[in-house]
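Close look at the chain arrangement
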Protein chains: 2
Amino acid sequence: MANEPLLMIPGPVLLHPRVLQAMSKQMISHRDKAFSAIYDECRFTVKDILNTKNDTYVISGSGSSGMEAAISNLVKGDRIITIVSGKFGERFRDIGKRYGQVTSLEFEWGTPLDLGKIEEELAKGAKVIAMVHNETSAGVKNPAEEVGKLAKKYDALFVMDTVTSAGGDLVEVDKWGVDIAVTGSQKCLGAPSGLATVSVSQKAWDSMVSNPPYYLDLKKYKKSAEKERAETPYTPAITLFYGMQEAMKIIKEEGMENRIARHVQGAKAVRAAAAAIDLELFPVTDKYTVLSNTVTAIKTPAGITDKDLRGTMKAKGVQISGGQDRLDGKIFRIPTMNAFTQEQLEKTFDVLEETLIQFNVLDASKKGAGVEALRKVYKN
Amino acid sequence: MANEPLLMIPGPVLLHPRVLQAMSKQMISHRDKAFSAIYDECRFTVKDILNTKNDTYVISGSGSSGMEAAISNLVKGDRIITIVSGKFGERFRDIGKRYGQVTSLEFEWGTPLDLGKIEEELAKGAKVIAMVHNETSAGVKNPAEEVGKLAKKYDALFVMDTVTSAGGDLVEVDKWGVDIAVTGSQKCLGAPSGLATVSVSQKAWDSMVSNPPYYLDLKKYKKSAEKERAETPYTPAITLFYGMQEAMKIIKEEGMENRIARHVQGAKAVRAAAAAIDLELFPVTDKYTVLSNTVTAIKTPAGITDKDLRGTMKAKGVQISGGQDRLDGKIFRIPTMNAFTQEQLEKTFDVLEETLIQFNVLDASKKGAGVEALRKVYKN
């Protein structure tokens, strides 16, 4: 794949060669102890990453299947509050509508949540409140701890999507009171796409509905995991578990503290580089809603279209992502997820600068300013 | 994995080295045309394998997710008839109960269906009738064509699980009138575990319920596939698609006619070998319900426990499957799926004979009789 552009999109992330190699292993029986050990290593490492003692399972399905597992096992005609400030918040809303009475608190994408409004709705009574921790579509991190406190105060179950925070940023499931936390394999966990994990609190177990969707029935996952040898209720995607196991080993080798520091540094460098070439970040933040450490959303500058910007960059060897849905054409996004390197970020900004200069959006005298600012952050 | 026992279980099957190698490829964006081409090759090849012109999609999930997709998109409080003659028939029944009013026609596992009873129930009116084509748990193939005719006569939608027939035996979705056919990747398709496919007829599209489970919403699959470049509604398990694409290429190279003939021959050889060492097949068959060509279910002979039989064989280098649930300890199963070879079957029977002789279940003078019978079938 030497001629492929460098993949700098917020998932699926580039995989470590060790992860790729692990996935070329031959099939084994998913009812054997060898698979059981792999399954356990995956789910127990995720528990550590999420700082939780809660039961944790791996579903063979995308992050969206994990989001639906969370909602569909807790909500059956019940009231659910969804917090929306981006595309994945909308996904919680849309899933919620299939199972219960949704009150959706809609904030402009990439802007701060109004905690007062959230409390107001919780005070009316709700079984579940669902929020996306790191809103990939808009480049913001929502106030998990504060919303967790409010959920506890009003006795609502707190469901949180940590798909693009887990493995790259701090997630404190137990401390923040997250009853079901959902991850996706293909982001900061550094694993192949196609697996989701869910961690489930005792309070969530005590509140499960009867007859959720069969494939996503968490009680079945619990029952299978509690056998003498842990297994999955349905045939798992064995190859992906091979990859995830290796990704978990890599995370343990690095250590979550180092890993988070590395992600924080990377995002900081991207922001500094963007500022140095006069680009404006998309999110509006406050004390609680802050910039994401795993993906930076940047406004597409006047004078160039999204198609020209990203198309030219891709032709020059770097593939980045644009905005989704309502942000299509308005922003572009640079991830700092998993095993990204300073060198990759430098290449990205080098090509970005070149492209902006080519389209007369950036003055040629500014060439190198972004990369220099980026390096400065890494030097400090 | 040189010291691993030979995996002779009815899925996940051993994968071709080309399939394994394909899965060590680096991630790509699932919204790029490169992925679109892979997705199309997978689903279009499955259409050919199933002999259908119906829309076909690949779900990132196990065969069970495909079974649930079929039921949950068609049934919402409606009457559904499920035909049960094994574990996977029960799965349709259990899934059906989550969505509608189930009438379950229960036949002893591995015995013929009573077409009269099926017609009787269809005559009362039902929106859907669901059946497993090849019942892996019991080693029988159910009469798809006959049940399809009855479904048509009474205007019921016909849902069929072809998880262990597709790719190994003849499946005629259009001719038999199957409205939704479900496959699983890890059986005769020769692909890694973790993908399911569904083919959907126009009649099924016209009868879809509103708000099925979000992750399994077939209308979302249709909408995404009909974009300028076909895509999946949620992030797909890219690695598994790499593997499935290669598996599809291998099937096209062999040709389905040759492939089916090879499976038929393999199953015939297994049956002959079993008879030659005085083993009795488990299924009871008739004109319509016949022996499976992809898995042979054999009664565990008196004088040896399942644990001793399969444990000893595994220690001697061949891993086979036992019975599931009510057949636990009563049968064992030898698959003829995907790229199995005469050599592998010979090794399996060699070890089986050795084990039966060791436990005084088979007379030592019979050593080699199974393998010889097996070879005879291959010679003819």
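The rules we used
Within each chain, residues carry numbers counting from 1 in the order of the written sequence. Going through the entries in the order they are written, you letter the chains from A and number the ligands from 1. The predicted nature of this model means local features are confined to residues of pLDDT at least 70 and side-chain atom pairs, given and counted, to a pLDDT of 80 or more, with totals for whole chains, interfaces and linings taken over all residues. Each side-chain value is derived from all of the structure's non-hydrogen atoms; neither hydrogens nor water enter the calculation. Only DSSP runs of H or I covering at least 4 residues are called helices, and only runs of E covering at least 2 are called strands; the numbering of each starts at the N terminus. Pairs of N or O atoms within 3.5 Å make up the polar contacts considered here, provided that, within protein, one atom can donate a hydrogen while the other can accept it, and that residues adjacent in sequence are counted only when both atoms are side-chain atoms. Whether two residues are in contact is decided by their heavy atoms: any pair within 4.5 Å suffices. Think of it this way: DSSP has to see at least two bridges between two strands before they count as a pair. To get an axis, a line is fitted to the C-alpha atoms, and for a helix only the part in contact is used. The angle between two axes follows their N-to-C directions and goes from 0 to 180 degrees. UniProt positions are given in the numbering used here, feature names are shortened, and annotations may be inferred rather than shown by experiment. By the definition adopted for this analysis, an angle is roughly parallel if under 35 degrees, roughly antiparallel if over 145, roughly perpendicular if from 65 to 115, and oblique otherwise. Left-handed is the label given to a crossing in which the near helix is rotated counterclockwise from the far helix by less than a right angle, and right-handed is the label when the rotation is clockwise. All residues other than Ala, Val, Leu, Ile, Met, Phe, Trp, Tyr, Cys, Pro, Asp, Glu, Lys and Arg, Gly among them, are scored as polar; the first ten of these are nonpolar and the last four charged. Each pair of aromatic rings taken from Phe, Tyr and Trp, with Trp reduced to its six-membered ring, is defined by centres within 6.5 Å and is described as stacked if the planes are under 30 degrees apart, edge-to-face if over 60, and tilted in the remaining cases. Between Lys or Arg on one side and Asp or Glu on the other, a salt bridge is scored when a side-chain nitrogen of the former is within 4 Å of a carboxyl oxygen of the latter. The copies were overlaid by least squares, fitting only the C-alpha atoms of residues that reach a pLDDT of 70 or more in each copy. For each domain, the first and last residues come from an automatic or database assignment. Here's the idea: put two parts together, see how much 1.4 Å probe accessible area each one loses, and the total over both is what we call buried area. Per-residue accessibility, obtained with a 1.4 Å probe over protein chains only, is compared with the maximum for each type, and a residue is labelled buried under 20%, exposed over 50%, and partly exposed between these values. The directions from the helix axis to the C-beta atoms form the arc being described.

Turning next to the side chain of Lys141 of chain B. Residue and element names in this part refer to chain B. Inspection of the secondary structure puts Lys141 in strand β7 (residues 140-141). Among the polar contacts listed, one links the side chain of Lys141 to the side chain of Asp169, at a separation of 2.9 Å. Each residue touching Lys141, except ones within four places of it in the same chain, is listed here: His133, Asn134, Asp169, Tyr288, Thr289, Val290, Leu291, Ser292 and Asn293.

This paragraph deals with the sheet that holds strand β9 (residues 180-184) of chain B. Residues and elements named next belong to chain B. As summarised here, the arrangement of the seven strands in space is β2-β10-β9-β8-β5-β3-β4, forming an open sheet in which the pairing is mixed. Every interior strand has two partners, whereas the edge strands, β2 (55-60) and β4 (101-106), have only one. Each neighbouring strand pair of the sheet contributes to a mean axis angle of 20°, computed without reference to strand direction. Both strand β3 (residues 79-84) and strand β5 (residues 128-132) contribute to a ladder of three bridges, which runs parallel. By the bridge assignment, Ile81 is partnered in β5 with Ile129. Packed on one face of the sheet, helix α2 (residues 33-50) meets β2, β9 and β10 (195-200) and runs near 120° to β2.

Taking the UniProt record as the reference, the feature "domain: Aminotransferase class V" (unreviewed entry) is found at residues 24-324 of chain A. When the span residues 24-324 of chain A is considered, its composition is 42% helix and 18% strand, and the gap between its end C-alpha atoms is 33 Å.

Time to look at the sheet that holds strand β14 (residues 331-335) of chain B. Residue and element names in this part refer to chain B. Spatial ordering of the open sheet is given by β1-β13-β14-β12, a layout of four strands whose pairing is mixed. Because the sheet does not close on itself, it has two edges, and the strands there are β1 (6-8) and β12 (295-299). Strand-to-strand twist in this sheet, taken as the mean axis angle between neighbours without regard to direction, amounts to 35°. Of the strand pairs in this sheet, strand β13 (residues 318-322) and β14 are connected by two bridges, and their pairing is antiparallel. Across the sheet, Gly322 pairs through a bridge with Phe332, a residue of β14.

Residues and elements named next belong to chain A. Relative orientation of the contacting elements helix α5 (residues 115-123) and helix α6 (residues 144-153) amounts to 20°, with a least axis distance of 10 Å. By the angle between their directions, the pair α5 and α6 is classed as roughly parallel. Here the hand of the crossing between α5 and α6 comes out right-handed. Contact with α5, carried on its side by Leu115, Ile118, Glu119 and Leu122, involves Glu146, Val147, Leu150, Ala151 and Lys153 of α6 and no other residues of that element. Split into classes, the residues belonging to the contact of α5 with α6 amount to six nonpolar, no polar and three charged.

What follows concerns the packing of aromatic side chains. Residue and element names in this part refer to chain B. Taken as a whole and assessed by the stated rule, the structure comprises 14 aromatic pairs over all chains. For the ring pair Tyr39 and Phe241, a centre distance of 5.9 Å and an interplane angle of 75° mean the geometry is edge-to-face. In this pair, Tyr39 sits in helix α2 while Phe241 sits in helix α10 (residues 238-254), placing the two residues 202 residues apart along the sequence. Considering the side-chain rings of Tyr214 and Tyr234, the 5.4 Å spacing of their centres and the 35° angle between planes classify their relative orientation as tilted. One end of the pair, Tyr214, is in the loop between α8 (202-205) and α9 (218-225); the other, Tyr234, is in the loop between α9 and α10, with 20 residues separating them in the sequence.

Taken residue by residue, the interface counts 50 residues in chain B and 50 residues in chain A. For Lys314 of chain B, the salt bridge goes to Asp32 of chain A, with nearest N and O atoms at 3.1 Å. Going through the elements one at a time, α3 (63-74), α4 (87-97) and α10 of chain B are the ones with two or more residues in the side of chain B that touches chain A. Looking at side-chain class alone, the side of chain B that touches chain A contains 24 nonpolar, 17 polar and nine charged residues.

Mapping chain B onto chain A is achieved by rotating through 180° and translating by 0.0 Å along the same axis, at an RMSD of 0.0 Å. This pairing of chains is accounted for by a two-fold axis. When the interface residues of chain B are mapped onto chain A, 100% of them are again interface residues, pointing to one common binding face.

Residues and elements named next belong to chain A. One can read the domain layout of chain A as domain 1 (6-12 + 255-379) and domain 2 (17-253). The straight-line distance from the C-alpha centre of domain 1 to that of domain 2 is 28 Å. Carbon and sulfur atoms make up 56% of the area that domain 1 and domain 2 hide from each other, which totals about 2700 Å². Measuring nitrogen to oxygen at the nearest pair gives 3.0 Å for the salt bridge that ties Arg326 to Glu90. Linking domain 1 with domain 2 are 17 residue pairs in polar contact (both at pLDDT 80 or more). Looking at the side of domain 1 that touches domain 2, the elements that each hand over two or more residues are α11 (256-276), β11 (290-291), β12 (295-299) and β14 (331-335). In terms of residue count, α11 provides more of the side of domain 1 that touches domain 2 than any other element does, four residues in total. Across the side of domain 1 that touches domain 2, the residue classes break down as 15 nonpolar, 10 polar and five charged.

This brings us to the pattern of salt bridges. All told, the structure shown has 61 salt bridges over all chains when counted by the stated rule. As a salt-bridge pair, Arg79 of chain B and Glu121 of chain B come within 2.4 Å of each other at their nearest N and O atoms. Here Glu121 of chain B lies in helix α5 (residues 115-123) and Arg79 of chain B lies in strand β3, a separation of 42 residues in the sequence. Counted as one network, the salt bridges with shared partners bring together Arg18, Glu246 and Glu253 of chain A.

Below, the discussion takes up the pairing of strand β9 (residues 180-184) of chain A. All names here are of chain A. Counting buried residues in β9 gives five out of five residues, a clear majority hidden from the surface. Where burial is concerned, the two faces of β9 agree: the one with Ile180, Val182 and Gly184 and the one with Ala181 and Thr183 are both buried. Of the pairings in the sheet, the one linking β9 to strand β10 (residues 195-200) comprises five bridges and is antiparallel in character. When the bridges of β10 are listed, Val182 appears paired with Val198.

To continue, consider α5 of chain A. Residues and elements named next belong to chain A. Listing the buried residues of α5 in full gives Leu115, Ile118, Glu121 and Leu122. Along the axis of α5, the buried residues cluster in a sector spanning 125°; they form a single face. Elements in contact with the buried residues of α5: β3 (79-84), β4 (101-106), β5 (128-132) and α6. Once α5 finishes, Gly125 follows within two positions and takes phi at roughly 95°, a positive value.

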